[in-house]
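Now for the letters of each chain:
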Amino acid sequence: MISSSFYEYVDRENIDPDLICRICRSPLIDPILVQCGDTYCRLCIEKYMGSGSNCPSQLCNQLLSTDHLTPNPPPRLVISILDKLQVRCQLCKKTNINRGTFDEHIKTSCSEYRIDCPGKNIGCQWFGPRNVYDEHTQTCLFEKLRPMVDILYKVIENQRLDIEKLQKQTEQQTTEIGQQKTEIELQKTKLEQQTTELGQLNTQVAQQKAQLEQQKTELGQQKIEIELKKSKFEQLEAQLQQQPIRIGGIQSQNQNQNHEILSIRQQITTLEEEMNKPRSAIHWLSK
Ligand SMILES: [Zn+2]
Ligand SMILES: [Zn+2]
Ligand SMILES: [Zn+2]
Ligand SMILES: [Zn+2]
């Protein structure tokens, strides 16, 4: 609602007292009913309530709170009568305007109402009455520059969008770089661990190598001993292989000796028999 300071009532003295607000003593604006039956301008009663006052109704006088306001709209007839109150524009002095249409008068037709140049957003500071507005806009330098300014605004807007995009990209890249940094640090830690482990493994390998070399030396000695034993064994084996031949020799000697013994025995037997012959002859002779 346009401030009521732009108009005055045409026939103020003859306006029905029932239409007057008891707070501001003017015809009601945006009236509101209170529980005790009176009607006030909405702004007036709200201001009153805000200051912690009691109800201005003479018969009521209780402390004002939102509970004391009613949600009921005032009668349509009252609104209609208020809208038809006649006012005079204090700017252009036009008179007999319905109060209900005064806002529209100011917004669209009051010749003295001061408005901004449409070029205000590009720098024109002209602020003047509507009746010279057309004249100004036709000569306004800012308005003449508008096509170029519009282009520049578009360029600036595009650059702004580009900058926003770049900022988002930069933020994304910053996040990604942060993540990569974290990963690299993790991998670095792992590498350091692995380096330590490799060092330990190297030490172990060196120890095992030393042990293996010791074992190699021991094995070499054992090999020499085994070879010695092997050659001794081979000598023994060769000796053993020669013994059956000797045994064969000994056996055949034994057989020969056996034959000889046999023939000696036979000779002995024969000799005994030969000897027995004279004995028996002697025996016989001695009888
Ligand atoms: Zn009032
Ligand atoms: Zn009251
Ligand atoms: Zn006017
Ligand atoms: Zn201008």
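A quick note: this is a predicted structure, and the numbers were derived from the prediction, not measured.

K.L.:
Would you explain the sheet that holds strand β5 (residues 97–98) in this entry?
P.N.:
In sheet architecture, strand pairing relies on hydrogen bonds along the backbone and comes in two forms, parallel and antiparallel. Here three strands make up an open sheet; going across it, the order is β1-β4-β5 and the pairing antiparallel. Bordering the open sheet on either side are β1 (7–9) and β5, each of which pairs with just one other strand. Pairing between strand β4 (residues 86–89) and β5: two bridges, direction antiparallel. Bridge assignment links Val87 to a residue of β5, and that residue is Ile97.

K.L.:
What is the right way to read the UniProt feature "domain: RING-type" (unreviewed entry) in the protein from this model?
P.N.:
Here the UniProt-annotated "domain: RING-type" (unreviewed entry) positions come out as residues 21–56. The span residues 21–56 carries 25% helix and 17% strand; its end-to-end C-alpha distance comes to 11 Å.

K.L.:
Looking at this structure, how should I read the environment of Ile29?
P.N.:
Relative to the helices and strands, Ile29 resides in the loop between β1 and β2 (31–33). Taking the C-alpha atoms as reference points, Ile29 and Cys60, separated by 31 residues in sequence, lie 22 Å from one another. The contacts of Ile29, once residues within four sequence positions are left out, are Ser4 and Cys41.

K.L.:
What's the story with the UniProt feature "coiled-coil region" (unreviewed entry) in the protein in this structure? I'm lost.
P.N.:
Here, the residues flagged by UniProt with the feature "coiled-coil region" (unreviewed entry) are residues 149–274. Annotation note: span residues 149–274, helix share 100%, strand share 0%, distance between end C-alpha atoms 175 Å.

K.L.:
Sorry if this is basic, but what is going on with the domain arrangement of the protein here?
P.N.:
How large an interface is tends to be reported as the accessible area lost when its parts come together. Domain parsing of the protein yields domain 1 (4–112) and domain 2 (113–194). Residue-level contacts link five residues of domain 1 with four residues of domain 2. Residues that form the side of domain 1 that touches domain 2 fall into these classes: three nonpolar, one polar and one charged.

Definitions and cut-offs
- Residues numbered from 1 in each chain as written.
- Chains lettered and ligands numbered in written order.
- Predicted model: local features only at pLDDT ≥ 70, side-chain atom pairs only at ≥ 80, totals over all residues.
- Pairing = 2+ DSSP bridges.
- Helix = DSSP H or I, 4+ residues; strand = E, 2+ residues; numbered from the N terminus.
- UniProt positions renumbered as here; feature names shortened; annotations may be inferred.
- Contact = placed C-beta atoms within 7 Å.
- Domains from an automatic or database assignment.
- Nonpolar A, V, L, I, M, F, W, Y, C, P; charged D, E, K, R; others polar.

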